[in-house]
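Here is what each chain is made of, one letter per residue.
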Amino acid sequence: MKIAILGAGRIARKMAYTICHVEGAEPYAVASRTLEKAEEFAAEFGFSKAYGSYDEMLADPAVELVYVATPHSHHYANIMSCLEHGKPVLCEKAFTVNADQARKVFASGREKGLLVAEAIWTRYLPMRKVLDDVLASGVIGPVTSLTANLGYSLKNIQRLTDPALAGGALLDVGVYPINFAFMVFGGEYSKVDSTVVKLDTGVDACESITLAYPDGKLAMLHCSMLSSTDRRGMIFGEKGYIEVLNINNCEGIRVFDTGHRLAASYETPRQINGFEYELEACMEAVRLGDVECPQMPHSETVKVLELTDSLRAKWDVRYPME
């Protein structure tokens with residue numbers, strides 16, 4: 001399948017490497033805002049075509065799947081452009097700036113019969129199923145609460161401090177703890193509490209989020225662009241607890257009993273870089289003519305964005321494009 005990448009930045013490079021190593025995927029085309037950058041990218045990764053215009057690449061009839069790798073602020077327009085050109089889309093997270101944009105692109109994709117998928121890789125990783133199976137086994141008994149955190153020192157990255165580029169910790173790293181909570185407890189929470197620290201530019205830099213569920217479960221989440229954290233996810237039950245090492249790209253799962261003794265451990269299978277699973281899922285969906293991937297249904301993307309919308313409204317964090 002001929003894969004094209006829209007955007008030629010850091011995350012695009014990671015996907016380009018993936019495409020080159022996934023069976024059945026062909027590194028076909030890349031588009032950047034300048035032809036020179038696109039040509040350099042294409043030469044480095046062995047892409048057949050380089051374009052200095054997004055529309056020019058999307059007009060290429062040979063392109064079969066487009067990976068959107070631009071800043072959050074541009075996702076909505078870029079996805080819509082892909083769909084208008086009849087191209088299935090895998091778009092990097094955060095999928096769009098807000099839930100309304102997501103609903104519109106999903107509606108357009110369904111109308112046109114084209115795949116639209118969010119590239120939130122934790123939903124596609126095989127360790128997600130391992131965690132589901134461990135929880136379903138009942139080894140830690142009824143689950144009562146979880147914690148999840150993700151933080152990196154990112155405040156010197158201009159894209160993340162700029163409201164015009166939909167910067168801030170929430171859409172860049174906060175979506176991972178939120179997705180972790182939704183994968184374990186679901187998205188039907190009943191109450192949200194939060195606290196935020198903002199930068200002088202107005203974007204959120206560090207926050208804590210607590211989700212209360214109707215059955216009494218609690219999800220306590222933390223994300224930051226001010227400092228690195230241990231990236232752990234912890235799930236607590238009446239008979240023990242589960243430790244997920246690195247909720248951003250699981251490096252292993254460990255199960256402990258109530259005496260804090262290791263009861264079981266699960267290793268992460270060898271991978272190219274983790275991006276292969278979302279790419280393979282989208283290639284399969286395109287072959288089947290599906291408009292969404294079962295690993296990350298449209299409804300789940302919308303639920304995550306509805307939560308981030310409500311949090312930003314409470315924090316008075318708004319972007320110029322809204």
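Everything numeric here is computed off the predicted structure, so don't read it as measured data.

Draft legend 1. Summary view of the environment of Leu135. Looking at the secondary structure, you find Leu135 in helix α6 (residues 126-136). Between the C-alpha atom of Leu135 and that of Gly202, which follows or precedes it by 67 residues, the distance is 39 Å. Excluding residues within four positions of it along the chain, Leu135 makes contact with Ile140, Val143, Val184, Ile235 and Ile242.

Draft legend 2. Focus on unusual backbone geometry. Omega for the bond connecting Lys93 with Ala94 falls within 30 degrees of zero, at -20°, which places this linkage in the cis form. Tracing the chain through its elements places Ala94 in the loop between β5 (89-92) and α5 (99-112). Residues other than glycine seldom take positive phi values, yet Asn246 does so here, at roughly 70°. Relative to the helices and strands, Asn246 is located in the loop between β12 (240-244) and β13 (253-257). Using a relative accessible area of 6% as the deciding quantity, one classes Asn246 as buried. We note that His260 has phi near 65°; this positive angle belongs to a residue other than glycine. Looking at the element boundaries, His260 is found in the loop between β13 and β14 (262-266).

Draft legend 3. Fine view of the pairing of β12. Counting buried residues along β12, five of its five residues qualify, which places the element largely inside the surrounding structure. From the end of strand β11 (residues 233-237) to the start of β12, which pair antiparallel, there are two residues. Relative to β13, β12 runs antiparallel, the two being bridged by five bridges. Looking at β13, one finds that Ile242 is bridged to Val255.

Draft legend 4. Molecular detail of the packing of aromatic side chains. All told, the structure shown has eight aromatic pairs when counted by the stated rule. Centre to centre, the rings of Phe41 and Phe47 are 5.8 Å apart; their planes meet at 65°, and the pair counts as edge-to-face. A relative accessible area of 3% places Phe41 in the buried class. For Phe47, a relative accessible area of 7% corresponds to the buried category. Considering the side-chain rings of Phe236 and Tyr241, the 6.2 Å spacing of their centres and the 45° angle between planes classify their relative orientation as tilted.

Draft legend 5. Quick peek at the packing of helix α8 (residues 169-185) against helix α10 (residues 298-315). Packing of α8 against α10 leaves a shortest axis separation of 10 Å and a crossing angle of 125°. The pairing of α8 with α10 is recorded here as oblique in orientation. α10 is crossed by α8, and the crossing has right-handed handedness. Counting all contacts with α8, which are made through Leu170, Leu171, Val175, Ile178, Asn179 and Phe182, the residues of α10 involved are Glu300, Lys303, Val304, Leu307, Thr308, Leu311, Arg312 and Trp315. Of the residues belonging to the contact of α8 with α10, the class tally is nine nonpolar, two polar and three charged.

Draft legend 6. The pairing of β14, seen in detail. Pairing geometry for β13 and β14, over four bridges, is antiparallel. Across the sheet, residue Arg254 finds its bridge partner in β14, namely Ser265.

Draft legend 7. Local environment of the sheet that holds β13. The eight strands are arranged β8-β9-β10-β7-β11-β12-β13-β14 in an open sheet whose pairing can be described as mixed. Each end of this open sheet is capped by a strand with a single partner; those strands are β8 (191-198) and β14. Here the average twist between neighbouring strands, direction ignored, is 10°. The strands that α10 touches are β8 and β9 (204-212); relative to β8, the one it contacts most, it runs at about 55°.

Draft legend 8. Structural context of the sheet that holds strand β6 (residues 116-119). The parallel open sheet is built from six strands, whose spatial order is β3-β2-β1-β4-β5-β6. Here the strands that pair on one side only, and so sit at the sheet edges, are β3 (49-51) and β6. Taking the axes of each pair of neighbouring strands and ignoring which way they run, one obtains an average angle of 20° across the sheet. Along the sheet face, helix α1 (residues 10-21) touches β1 (2-6), β2 (26-31), β4 (65-68) and β5 and points at about 170° away from the line of β1.

Draft legend 9. Summary view of the side chain of Ser32. Counting through the fold element by element, Ser32 comes out in the loop between β2 and α2 (35-45). For Ser32, the contacting residues outside a window of four places in its chain are Ala8, Lys37, Ala38, Tyr51, Gly52, Ser53 and Tyr54.

Draft legend 10. Structural view of α5. The end-to-end C-alpha separation of α5 is 20 Å, in line with the 20 Å expected for 14 residues at 1.5 Å each. Looking only at α5, the buried set comprises Ala99, Gln101, Ala102, Val105, Phe106, Ser108 and Gly109. The N-terminus of α5 is capped by Asn98, whose side-chain oxygen sits 3.3 Å from the backbone nitrogen of Asp100. Where α5 ends, the next residue or the one after it, Gly113, has phi of about 70°, a positive value.

Draft legend 11. The arrangement of the environment of Arg318 in detail. If you trace the backbone, Arg318 turns up in the segment after α10. Measuring from C-alpha to C-alpha, the distance between Arg318 and Pro163 comes to 7.5 Å, with 155 residues separating the pair along the chain. Each residue touching Arg318, except ones within four places of it in the same chain, is listed here: Pro163 and Arg312.

The rules we used
- Residues numbered from 1 in each chain as written.
- Predicted model: local features only at pLDDT ≥ 70, side-chain atom pairs only at ≥ 80, totals over all residues.
- Heavy atoms only, no water.
- Helix = DSSP H or I, 4+ residues; strand = E, 2+ residues; numbered from the N terminus.
- Contact = heavy atoms within 4.5 Å.
- Buried < 20%, exposed > 50% of the residue type's maximum accessible area, 1.4 Å probe, protein only.
- Pairing = 2+ DSSP bridges.
- Phe/Tyr/Trp six-rings, centres within 6.5 Å; stacked < 30°, edge-to-face > 60°.
- Axes fitted to C-alpha atoms, helices over the stretch in contact; angles between N-to-C directions.
- Parallel < 35°, antiparallel > 145°, perpendicular 65-115°, else oblique.
- Left-handed = near helix turned anticlockwise from the far one by under 90°.
- Nonpolar A, V, L, I, M, F, W, Y, C, P; charged D, E, K, R; others polar.
- Expected span 1.5 Å × (residues − 1).
- Polar contact = N/O pair within 3.5 Å; in protein donor to acceptor, adjacent residues only side chain to side chain.

Take it as geometry only, folks, not as evidence of what the structure does.
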